[in-house]
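# Geometric and topological summary
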Amino acid sequence: MELRHLRYFLAVAEEQHFGRAAQRLHMAQPPLSHQIRQLEAELGVRLLDRTTRRVSLTEAGEAYVGRVRAILAEVDAAGEQAQRVAAGTEGRLVVGCVGSATYSLLPAFARAVREELPGVDLGFRGEMLVPAQVRALMAGEIDLALLRPPVDEPGVRLSRLRADRLIVALPDAHPLAARKRLRVPDLDGLDLVVHAEGRSVMHDAVIELCRAAGFEARVRHEVTETSTLVTFVAAELGAAVVPEPVARLGVPGVTFRPLAARGARIELAVGMREDDDSPALARAVELVRRLAASDDAGR
């Protein structure tokens, strides 16, 4: 028995006429009659009562046709799903994200996927530092990472998205908050809240920024989450250098000021496994690149 036998039988059952069924199937009537008799012979039951004017279902045929419809509907649905998966419009993706992109790019990305790729089921892991993202990528726990380069893992492929400006987060009451713009030397002697050493690209960026200006950063607190970092600033535990999208958090008690310094930017990239050829992933990367370019143009 083949699927074509089921399709032939369903056409005859619905048309109740071999001639009309043959026309519907774009075939001659004698081969259709032969195929139906083959099906009946294989099942060992008579499915159709035949007269010179019409065809009707036997009791066995009535029972059989319902199952046939369900089987063919599932076969068609499976084919359509396979086509959607191959086109990247259906699938499952888990996205890992650094803190600053969690508050800016990630919400726009989630909305765009819902609108443009509604068949893609997204999972999220926000506030991830880069080493944790790389480990999660290689372990298959996430499929796409919004992260800050550099990444030294050979199994990860990066694609640059944009460069975020660095700004300074200050307690509202701090004297420097009254200025419109700050320079890196203004940070000399300030208590700083930074991301954890050895686990954050931003930690190294802040330390190098200060050293390039001729002084060592005065680190007072290290945190793992960007939201915690800004909360510490609001609590007047120190100032912080953060990527510009962090200002979108809008934490009360915190003033953000531009940082006037050459090279005071930090890259944002999308990372994925080298061997991941998922069509849904390719569509998602294309979408996030477009959103990042649009967001960057509006800065």
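No experiment lies behind these values; they were computed from the predicted model shown.

Reading the values: the criteria
Residues numbered from 1 in each chain as written. Predicted model: local features only at pLDDT ≥ 70, side-chain atom pairs only at ≥ 80, totals over all residues. Heavy atoms only, no water. Helix = DSSP H or I, 4+ residues; strand = E, 2+ residues; numbered from the N terminus. Buried < 20%, exposed > 50% of the residue type's maximum accessible area, 1.4 Å probe, protein only. Contact = heavy atoms within 4.5 Å. Areas by Shrake-Rupley, 256 points an atom, 1.4 Å probe, with all protein chains shown as cover. Lys, Arg positive; Asp, Glu negative; His and termini not counted. Charge placed at Lys NZ, Arg CZ, Asp CG, Glu CD. Axes fitted to C-alpha atoms, helices over the stretch in contact; angles between N-to-C directions. Parallel < 35°, antiparallel > 145°, perpendicular 65-115°, else oblique. Left-handed = near helix turned anticlockwise from the far one by under 90°. Nonpolar A, V, L, I, M, F, W, Y, C, P; charged D, E, K, R; others polar. Pairing = 2+ DSSP bridges. Core = buried A, V, L, I, M, F, W, Y, C linked by side-chain atoms within 4.5 Å. Patch = residues over 30% accessible without salt bridge, like charges linked within 9 Å, V, L, I, M, F, W, Y side chains within 5 Å. Salt bridge = Lys/Arg side-chain N within 4 Å of Asp/Glu carboxyl O. Phe/Tyr/Trp six-rings, centres within 6.5 Å; stacked < 30°, edge-to-face > 60°.

Across its full length, the protein chain carries 10 helices and 12 strands. Principal-axis analysis of the C-alpha atoms gives the protein chain an extent of 100 × 35 × 30 Å. Relative to its 299 residues, the protein chain shows a buried fraction of 45%. Contacts spanning at least 24 positions in sequence make up 73% of the contacts within the protein chain whose residues lie at least 6 apart. A total of about 15100 Å² of accessible surface is found on the protein chain, and carbon and sulfur atoms cover 49% of it. A gap of 5 Å separates the mean positions of the 39 positive and 41 negative side-chain charges of the protein chain.

Moving on, we get to the packing of helix H1 (residues 3-15) against helix H4 (residues 59-87). At a minimum axis separation of 10 Å, H1 and H4 run at an interaxial angle of 125°. Relative to H4, the element H1 lies oblique. H1 and H4 meet at a crossing whose hand is left-handed. Contacts between H1 and H4 pair Leu3, Leu6, Arg7, Phe9, Leu10, Ala13 and Glu14 from the former with Gly61, Tyr64, Val65, Val68, Arg69, Ile71, Leu72, Val75 and Asp76 from the latter. For the contact of H1 with H4, the residue count by class is 11 nonpolar, 1 polar and 4 charged.

Before going further, it helps to examine the pairing of strand E11 (residues 254-260). Bridge count between strand E6 (residues 156-171) and E11: 5 bridges; the pairing is antiparallel. Considered in E11, the bridge of leucine 170 is made with threonine 255. In this sheet, E11 lies alongside strand E7 (residues 182-183) in parallel orientation, the contact comprising 2 bridges. Among the inter-strand pairings, arginine 183 is bridged to a residue of E11, identified as alanine 260.

So, on to the nonpolar core. Grouped burial of nonpolar side chains is what soluble globular proteins tend to show. Core analysis: the largest hydrophobic core is formed by 63 residues, its most contacted members being Phe109, Leu146 and Leu259. In terms of residue count, the dominant contributor to this core is helix H10 (residues 279-297) (8 residues). Setting aside anything within four residues of it in sequence, one finds phenylalanine 109 in contact with Val95, Leu122, Ala284, Leu287, Val288 and Leu291.

Next up on the list: a nonpolar patch on the surface. Taken together, the side chains of Met1, Leu43 and Val45 make up a nonpolar region of the molecular surface, amounting to roughly 230 Å² of accessible area. By the secondary structure assignment, valine 45 is in the loop between helix H3 (29-43) and strand E1 (48-50). Residue class for valine 45 comes out partly exposed when judged on its relative accessible area of 36%.

A few words on the packing of aromatic side chains. Applying the stated criterion across every chain yields a total of 1 aromatic pair. Both rings, one in phenylalanine 9 and one in tyrosine 64, keep their centres 5.4 Å apart while their planes meet at 55°; by these two values the pair is tilted. With a gap of 55 residues between them, phenylalanine 9 in helix H1 and tyrosine 64 in helix H4 connect regions that are remote in the sequence. Take phenylalanine 9 and tyrosine 64: they sit in the same class, and that class is buried.

On to the environment of glycine 198. Note on placement: glycine 198 falls in the loop between strand E8 (192-195) and helix H8 (201-212). Considering only alpha carbons, one finds glycine 198 and glycine 96, 102 residues apart in sequence, at a separation of 19 Å.

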